[in-house]
Amino acid sequence: MNEEGLVNIHIDLPNHWAIGGESLWATPLGNDLFRIENVPFYAYGLNFHDVVKAIPESDELIPEVRELVELSGHRTFRVFFEKSINRKKQEDVLNSMQILTISYERANDIFFSLDMQPDGNYQAVFDRLDELEKENILEFETCEAKMDGSFDDLPD
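These figures come from a predicted structure and were not determined experimentally.

Peer 1: How should the overall build of the protein be read in this particular structure?
Peer 2: In terms of regular secondary structure, the protein is built from 2 helices and 9 strands. When its helices and strands are written in sequence order, the protein yields β-β-β-β-β-β-α-β-β-α-β. Radius of gyration (C-alpha) of the protein: 16 Å, near the 15 Å computed for a compact globule of 156 residues. Along the first, second and third principal axes, the C-alpha atoms of the protein reach 50 × 35 × 30 Å. In the protein, which comprises 156 residues, the proportion classed as buried is 40%. By sequence separation, contacts in the protein at least 24 residues apart represent 48% of the contacts at least 6 residues apart. Total accessible area on the protein is roughly 8500 Å²; 47% of this is exposed by carbon and sulfur atoms. A distance of 6 Å separates the average location of the 13 positive side-chain charges in the protein from that of its 32 negative side-chain charges.

Here is the structure:
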């Protein structure tokens, strides 16, 4: 556990297009329940502050997410900027979306996860990202579950 009381939990993603699994920061709530404390970069159907059940496969391993217990109301979008868009322009674009109750986390030079607050307007965020995609500034995806009972991508 770090000084903020957070622990790592893990999600196995064997079918994902980019990665085989993802670790998330979480607050332990007791009884194998955890509240997610960062925006997921790869898992589908999970969002900031959702509560999950996570159980380690052994005492030496970190807890593995087994099920979603409670939705927080937050929504996740993933954004991939075109490589020609510099860091300042990326941040200008994303900061302009704060009015839509969006915050973000950077994964690398072009990849971001966006968190929409529960009181945000999903369609307005989607429409703005769609406009930016049509302007060849970025590509995006929504992060709803792709398979019932799984946080993974669809198998090939």
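Still to come is the rest of the account.
Peer 1: In this structure, what is going on with unusual backbone geometry? I would like to understand it.
Peer 2: Leave glycine aside and you will find that most residues have negative phi; peptide bonds, for their part, are mostly trans. Positive phi, normally seen in glycine, also occurs at His-49, with a value near 70 degrees. Tracing the backbone shows His-49 in the loop between strand S3 (33-36) and strand S4 (51-55). Despite not being glycine, Thr-101 has its phi angle at roughly 60 degrees, a positive value. Looking at where Thr-101 falls in the secondary structure, it is placed in the loop between helix H1 (87-96) and strand S7 (102-106).

So, how was this worked out
Residues numbered from 1 in each chain as written. Predicted model: local features only at pLDDT ≥ 70, side-chain atom pairs only at ≥ 80, totals over all residues. Heavy atoms only, no water. Helix = DSSP H or I, 4+ residues; strand = E, 2+ residues; numbered from the N terminus. Rg over C-alpha atoms; globule rule 2.2 N^0.38 Å. Buried < 20%, exposed > 50% of the residue type's maximum accessible area, 1.4 Å probe, protein only. Contact = heavy atoms within 4.5 Å. Areas by Shrake-Rupley, 256 points an atom, 1.4 Å probe, with all protein chains shown as cover. Lys, Arg positive; Asp, Glu negative; His and termini not counted. Charge placed at Lys NZ, Arg CZ, Asp CG, Glu CD.

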